[in-house]
Amino acid sequence: MSEQPLTPASGRGTPWMLLGGLFAGALALAFIILAEQGDTKYAAVVLGGTLMLLIAVPMIGNIRLFCLYMILLLAPLGLRLSFMRFPHMGGASAIFIEVVDPFLLVLLYFQARDRLRGYRARYRFPTACKIWVALILLGLGTVVFGSLRTTAANELVRMLKLLLLVLLIVNEVVRRRQFQHAIVALILGVILESAIALTQYLAGAQLGLQILGESTDEDISILAEGTLATREFVYRVGGLLGHANFLGAYLALLMPMAVALLLAPVSRRLKALLAVALLLGQPALVLTLSRTGWIDFSVAFLIVLALGALHAESRRKFLLARVAVLTITVAITAALSPLIIQRLFDADPNSVKYRGKWVQTARAMIIDNPVLGVGLNNYVFAQLPYAEEKTPLEMTARYGDYWPAVHNAWLLTWAEQGTLGFLIYLAFHIAVLAVGVRNLRIRDPMMHALGVGLIAGFVAIMVDGLASFFVRNEATARMFWIVVGLILALEYWRRANEEVDPALADSAAALDRPQAGDPAAGRSRWLPSRQSVLR
């Protein structure tokens, strides 16, 4: 009899040594917070949260799956502790310990144990991640040789954490069922953020959730003043993402996935969940009054309709669904058209004026530092010789403590890391796009639709980067990298299950391969039940 292949640890059972280590680490962190910040509130949150997890974990059947859900659900929240913080825009402003970090460490523990025990023959390290490592190494030069080393080090830590996040997802989400769980978690996140945004709009005020990332009343007032030419107050929702533009881009990133899956054979329960996400998400997107968010979603929506039709089964069976989605989208847009028209035609011209001025500043910095730039995360402070405001006093008098960064992720990267860094950054996006295009070969209709939705959202953020630094904000960047991780993981799934690449068909992926005579093979009529999440 042939030897059965070893399979990765499922995460079932209670790893008491790991839990003890987490509790000890939380206790040490609480003392550090008291010593550094003197804030008993945050120390109590750390200890209380850890105790709740210690109580809950023995009742959770699958710790690995639970951690995956927690990462995907908590990623957009701003619940974190900061050290060495200073006012800074367009990059990391401190060293952060964030709410998702403990769950990342638990997954890292399980994956390291799989490797050490021989459950996995190889650790997946995609080409796009290798390119990102090159950008990290370039930033390391600023930390070692630059003059503003602390700011660069903060951003370097953020980049390393994002790399860890995507690698954990690529190596954890290897089975079809795990992709389905990821879909549900992300869609639940969209529903939660949209529901909070709609509640904010109906209440006409913030909900007091600043500890989770909600913006303050002062920030809302400042944002409202710069929205319309008339200077009248207009409430712009931001959910828990801190800014209306960030919420708009977040919805443009994830809602295309919901649209694409609605046009594929999935279960009625999952379709209902997707429909709720779109019915809440589209009004919330309009109420952000984010023009970039509207453009982002429009581009992604068209991509989904075009690429989704490439799959013969989806194109043939879901024509009416396409008409329904288009009809609902048009109806919601028409219902909220007064707000859209006011935002488009009565917008404050100073908003565009200032953005144009910042672009000119970035352009001057690039011309003067063409090869290596001014240094990773140094843009805000290095801009003084190039901006209209030449001194710190002038800059603070005009903008306050938070000096502006150019609202363009592409130019921001180019100015900070030079043409060399910009080319590496561009190569990273090209590498992910290439994977997304290859994923269009997937035959499984649900997985094909997932790939279409993910790559459409990825392109939406590329477009958003022309007028935003969504990818340089901690919480929103995590969501972007989660999408990147799922795009890369999909290619491994395709190669292991549909192309049957021997090098990739490890035990975890092989378990997911449809078996001959299996009536469920090739279909995706499924929604995770409560039992499957807790098993």
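Before reading further, recall that the structure is shown in the block above.
Residues numbered from 1 in each chain as written. Predicted model: local features only at pLDDT ≥ 70, side-chain atom pairs only at ≥ 80, totals over all residues. Heavy atoms only, no water.

## Re the packing of helix α7 (residues 176-203) against helix α9 (residues 244-262)
Right, on to step 1. At a minimum axis separation of 10 Å, α7 and α9 run at an interaxial angle of 130°. The angle between α7 and α9 falls in the class oblique. Once α7 is placed against α9, the crossing between them reads as left-handed. Only Leu-247, Tyr-250, Leu-251, Leu-254, Met-255, Met-257, Ala-258 and Leu-261 of α9 make contact with α7, whose side of the interface consists of Ile-183, Leu-186, Ile-187, Gly-189, Val-190, Glu-193, Ser-194 and Ala-197. (Axes fitted to C-alpha atoms, helices over the stretch in contact; angles between N-to-C directions. Helix = DSSP H or I, 4+ residues; strand = E, 2+ residues; numbered from the N terminus. Parallel < 35°, antiparallel > 145°, perpendicular 65-115°, else oblique. Left-handed = near helix turned anticlockwise from the far one by under 90°. Contact = heavy atoms within 4.5 Å.)

## Some thoughts on a nonpolar patch on the surface
Right, on to step 1. Taken together, the side chains of Leu-137, Leu-140, Val-144 and Phe-145 make up a nonpolar region of the molecular surface, amounting to roughly 430 Å² of accessible area.
Right, on to step 2. One can find Val-144 in helix α5 (residues 127-145). (Patch = residues over 30% accessible without salt bridge, like charges linked within 9 Å, V, L, I, M, F, W, Y side chains within 5 Å. Areas by Shrake-Rupley, 256 points an atom, 1.4 Å probe, with all protein chains shown as cover. Salt bridge = Lys/Arg side-chain N within 4 Å of Asp/Glu carboxyl O.)

## What to know about the packing of α9 against helix α20 (residues 474-497)
Right, on to step 1. α20 packs onto α9 with a crossing angle of 10° between their chain directions and a minimal axis gap of 10 Å. When the axes of α9 and α20 are compared, the pair comes out roughly parallel. Within the contact between the two elements, α9 uses Phe-246, Tyr-250, Leu-253 and Leu-254 and α20 uses Thr-476, Met-479, Phe-480 and Val-483.
Right, on to step 2. A class-by-class count of the residues in the contact of α9 with α20 yields 7 nonpolar, 1 polar and no charged. (Nonpolar A, V, L, I, M, F, W, Y, C, P; charged D, E, K, R; others polar.)

## Quick look at helix α10 (residues 268-287)
Right, on to step 1. Between its first and last C-alpha atoms α10 spans 29 Å; for 20 residues at 1.5 Å apiece the expected length is 28 Å, and the two agree.
Right, on to step 2. Listing the buried residues of α10 in full gives Leu-270, Leu-273, Leu-274, Ala-277, Leu-278, Gly-281, Gln-282, Pro-283, Ala-284, Leu-285, Val-286 and Leu-287.
Right, on to step 3. Residue Leu-289 follows α10 closely and has a positive phi angle near 55°. (Expected span 1.5 Å × (residues − 1). Buried < 20%, exposed > 50% of the residue type's maximum accessible area, 1.4 Å probe, protein only.)

## A short note on helix α18 (residues 409-438)
Right, on to step 1. The first and last C-alpha atoms of α18 sit only 26 Å apart over 30 residues, clearly below the 44 Å expected at 1.5 Å per residue.
Right, on to step 2. Within α18, the axis deviates most sharply at Gly-418, by approximately 130°.
Right, on to step 3. Measuring from the backbone nitrogen of Trp-410 back to the side-chain oxygen at the start of α18 gives 3.0 Å, which picks out Asn-408 as the cap. (Bend = angle between axes of the 7 residues up to and from the residue. Polar contact = N/O pair within 3.5 Å; in protein donor to acceptor, adjacent residues only side chain to side chain.)

## What to know about the environment of Ala-153
Right, on to step 1. Summarising the element assignment, Ala-153 is placed in helix α6 (residues 149-172).
Right, on to step 2. Sequence separation between Ala-153 and Ala-92 is 61 residues, and the spatial gap between their C-alpha atoms is 8.9 Å.
Right, on to step 3. Those residues in contact with Ala-153 that lie beyond four places of it in its chain are Ile-95 and Val-143.

## Structural notes on the packing of aromatic side chains
Right, on to step 1. Per the counting criterion, the structure on display carries 18 aromatic pairs.
Right, on to step 2. Summarising the aromatic geometry, the rings of Tyr-354 and Tyr-399 are spaced 6.2 Å apart at their centres and angled 70° between planes, so their arrangement reads as edge-to-face. Of the two residues, Tyr-354 sits in helix α15 (residues 349-368) while Tyr-399 sits in helix α17 (residues 392-399), which places them 45 residues apart along the sequence.
Right, on to step 3. By relative accessible area, which is 27% here, Tyr-354 ends up partly exposed.
Right, on to step 4. Seen from their ring centres, Phe-458 and Phe-480 are 5.4 Å apart, and the 20° between their planes marks the pair as stacked. With Phe-458 in helix α19 (residues 445-464) and Phe-480 in helix α20, the pair connects residues that are 22 residues apart, well separated along the chain.
Right, on to step 5. One Lys or Arg, Arg-80, reaches over the ring of Phe-96 and ends 4.0 Å from the middle of that ring. (Phe/Tyr/Trp six-rings, centres within 6.5 Å; stacked < 30°, edge-to-face > 60°. Lys NZ or Arg CZ within 6 Å of the ring centre and 35° of its normal.)

## Here's the deal with the pattern of salt bridges
Right, on to step 1. In this structure the tally under the stated criterion is 15 salt bridges.
Right, on to step 2. Glu-388 serves as the salt-bridge partner of Lys-357, at 3.7 Å between the closest nitrogen and oxygen. Taken together, the positions of Lys-357 in helix α15 and Glu-388 in the loop between α16 (379-382) and α17 put the pair 31 residues apart, joining distant regions of the chain.
Right, on to step 3. When its relative accessible area of 55% is taken as the criterion, Glu-388 is described as exposed.
Right, on to step 4. Residues Glu-491 and Arg-438 are paired through a salt bridge, measuring 2.5 Å at the closest nitrogen-oxygen approach. With a gap of 53 residues between them, Glu-491 in helix α20 and Arg-438 in helix α18 connect regions that are remote in the sequence.
Right, on to step 5. For Arg-438, a relative accessible area of 28% gives the class partly exposed.

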